[in-house]
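Coordinate analysis (summary)
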Amino acid sequence: MTASTTFGYHAGEDRVWISCTAWPQRIWITRRMARGIVQLVATALEKAPPGAPDADTRPPAERAAADHDASLNRVQPGEPARALQMGREASDAPELASAVLCTQVDLRDDGVQAVLAFHTSAGQRPLLLSRVGLHRWLRGLHIVLGTTDWAEWAPLPDWLTRSYLPPALGALLVVPPAAGDGGDAPAPPPGA
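Residues numbered from 1 in each chain as written. Predicted model: local features only at pLDDT ≥ 70, side-chain atom pairs only at ≥ 80, totals over all residues. Heavy atoms only, no water.

Focus: the packing of aromatic side chains
In plain terms, the rule: Stacked, tilted and edge-to-face are the three classes assigned to paired rings of Phe, Tyr and Trp, where Trp is represented by its six-membered ring and a pair needs centres within 6.5 Å; plane angles under 30 degrees give stacked, over 60 edge-to-face, the rest tilted. Counting from the N terminus, the helices are DSSP H or I runs at least four residues long and the strands are E runs at least two residues long. By definition, being over a ring means that NZ of Lys or CZ of Arg is both within 6 Å of the ring centre and within 35 degrees of the ring normal.
Evaluated as defined, the whole model comprises 4 aromatic pairs. Ring geometry for W23 and F118: centres 5.5 Å apart, planes at 70 degrees, overall edge-to-face. Of this pair, W23 sits in the loop between β2 (15-20) and β3 (27-29) while F118 sits in strand β5 (residues 113-120), placing them 95 residues apart in sequence. The rings of F7, W23, F118 and W137 are connected pair by pair, giving a single aromatic cluster. Its guanidinium or amino end placed over the ring of W17, R26 lies 3.9 Å from that ring's centre, counting from NZ or CZ.

Some points on helix α4 (residues 131-145)
Keep this limit in mind: In this analysis, the expected span of each helix is defined as 1.5 Å times one less than the number of residues it contains. Throughout, exposure labels follow a simple rule: accessible area from a 1.4 Å probe, protein chains only, divided by the maximum for the residue type, with under 20% read as buried, over 50% as exposed, and the rest as partly exposed.
Taking 1.5 Å of rise per residue, 15 residues should cover 21 Å, and α4 covers 21 Å from first to last C-alpha, within 8% of that figure. Most of α4 sits out of view: 14 of its 15 residues are buried.

A few points about the pairing of strand β4 (residues 100-109)
So the rule is basically this: Pairing between strands is defined by DSSP: at least two bridges between them are needed.
As paired strands, β3 and β4 are joined by 2 bridges and run parallel to one another. The residue bridging I27 from the neighbouring strand is V100, located in β4. In the sheet, β4 pairs with β5 via 7 bridges, with the strands oriented antiparallel. Residue pairing in the sheet places Q104 in a bridge with H119 of β5. As consecutive antiparallel partners, β4 and β5 are separated by 3 residues, and within that stretch G111 has a phi angle of approximately 95 degrees, a positive value.

Regarding the pattern of salt bridges
The line we're drawing: Should a side-chain nitrogen of Lys or Arg be within 4 Å of a carboxyl oxygen of Asp or Glu, the pair is scored as a salt bridge.
Per the counting criterion, the structure on display carries 3 salt bridges. With a shortest N-O distance of 3.8 Å, E13 and R15 are connected by a salt bridge. The salt bridge partner of D14 is R31, with a shortest N-O separation of 2.6 Å. With a gap of 17 residues between them, D14 in the loop between β1 (5-10) and β2 and R31 in helix α1 (residues 31-46) connect regions that are remote in the sequence.

Focus: the packing of α1 against α4
The condition is simple: Only C-alpha atoms enter the line fits that serve as axes; for helices the fit covers just the stretch in contact. Angles between N-to-C directions range over 0 to 180 degrees. Handedness of a crossing is defined here by the sense of rotation of the near helix relative to the far one, left-handed for an anticlockwise turn of less than a right angle and right-handed for a clockwise turn. The criterion used for residue contact is that any of the two residues' heavy atoms lie within 4.5 Å.
Look at α1 against α4: their axes get within 11 Å of each other, and the N-to-C directions meet at 145 degrees. For α1 against α4, the interelement crossing comes out left-handed. Taking contact as the criterion, the partners of A34, I37, V38, V41, A42, A44 and L45 in α1 are, on α4, R131, L134, H135, W137, L138, L141 and L145.

Below you can see the structure in the form of structure tokens.
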């Protein structure tokens, strides 16, 4: 069975929620926990997968960038072509009332599959992902984090924060300043 994961930001709670079709309820991720998850997963993706050939002598960030690009832009065998999608949900959605707080996250990665285990008071919520899926999952989380006002982040790897849109399309996403504002237009959302 393939599980689908959805992320969202709840401004009132100042938390990110994660929903997975294989879990009984959503989980809440705090700002501190989100920062730790991004660093944990990015570090794991920069490491050479166990059993990988030693022939790849590229620096870890360069190897991760190539893997990230391939994960986001190449359809896997047997997979329908689908882009990452971002949705909206009401802040008073009933599913949020039963969400549980994530207190710890573990990552086990054997180079082929990874298990992200979210610990909550209601038990562990595991998420099994391929290496490609882990890249995509991290990208989705990063996109949602870009909608928060959480500014005190440690610098993230360039391969995670770069835009994958051609410059001409990226320019279309820049919102011009309001008439008479004279200020700089905000940057497009990360990963757009």
